[in-house]
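Chain by chain, the residues:
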Amino acid sequence: MKPKAFVFAMPLAMLAGAPAVAQNLSSKERARVARAAPQDQDAVYNCLMAKKKGAKTGTIAGGAAGVAGGVIGGASVGGTIIAGAVGAGAGRLLGQGTSTNSYCDDVLKHNK
């Protein structure tokens, strides 16, 4: 492992681990909540927020894992950056897809 690559990769890992700002629903998501049946509006809101939180957590974890893998594997700085980006993308998809339970999946399916 090259010390130079580690020095360049650490700021990326620190940036990925920065605290997240407050999450809000987009205008499309707010419209989806408004369109939902009155008894389902709270559930739709909570499920959308859970998906958003899962996506953010997955992005951070995947990016950090990709950077760590690049550094441990002895990749160049460019390779480490690419590994972090690929890890972040994969982590976002996995986090968004696995952050809800079957109840949320049903509620969101019925209230599109």
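Note that the structure is predicted; figures quoted are calculated from it, not measured. (Residues numbered from 1 in each chain as written. Predicted model: local features only at pLDDT ≥ 70, side-chain atom pairs only at ≥ 80, totals over all residues. Heavy atoms only, no water.)

A. Looking closely at the overall build of the chain. Broken down by element type, the chain carries 5 helices and 0 strands. When its helices and strands are written in sequence order, the chain yields α-α-α-α-α. Residues counted as buried form 27% of the 112 residues belonging to the chain. Residue pairs in contact within the chain that sit at least 24 positions apart in sequence constitute 75% of those at least 6 positions apart. When the accessible surface of the chain is summed, it comes to about 7100 Å², and 65% of that surface belongs to carbon and sulfur atoms. (Helix = DSSP H or I, 4+ residues; strand = E, 2+ residues; numbered from the N terminus. Buried < 20%, exposed > 50% of the residue type's maximum accessible area, 1.4 Å probe, protein only. Contact = heavy atoms within 4.5 Å. Areas by Shrake-Rupley, 256 points an atom, 1.4 Å probe, with all protein chains shown as cover.)

B. Representation of the packing of helix α2 (residues 27-35) against helix α3 (residues 41-72). Where α2 meets α3, the axes come as close as 8 Å, and the angle between the chain directions of the two elements is 155°. It follows that α2 is roughly antiparallel to α3 by the angle criterion. Of the two possible hands of crossing, α2 and α3 adopt the one that is right-handed. Listed contacts from α3 to Glu29, Arg32, Val33 and Ala34 of α2 are Gln41, Val44, Tyr45, Leu48 and Lys52. Here the contact of α2 with α3 is composed, by residue class, of 5 nonpolar, 1 polar and 3 charged. (Axes fitted to C-alpha atoms, helices over the stretch in contact; angles between N-to-C directions. Parallel < 35°, antiparallel > 145°, perpendicular 65-115°, else oblique. Left-handed = near helix turned anticlockwise from the far one by under 90°. Nonpolar A, V, L, I, M, F, W, Y, C, P; charged D, E, K, R; others polar.)

C. Inspection of the state of the cysteines at higher detail. Inspection of every chain in the model, using the stated rule, returns 1 disulfide. The side chain of Cys47 participates in a disulfide bridge whose partner is Cys104; the two sulfur atoms lie 2.1 Å from each other. The sign of the S-S torsion, about -80°, decides the handedness of the disulfide formed by Cys47 and Cys104: left-handed. Highlighted residues: Cys47 in helix α3 and Cys104 in helix α5 (residues 102-110), separated in sequence by 57 residues. On the accessibility criterion, Cys104 (10% relative accessible area) is buried. (Disulfide = S-S within 2.5 Å.)

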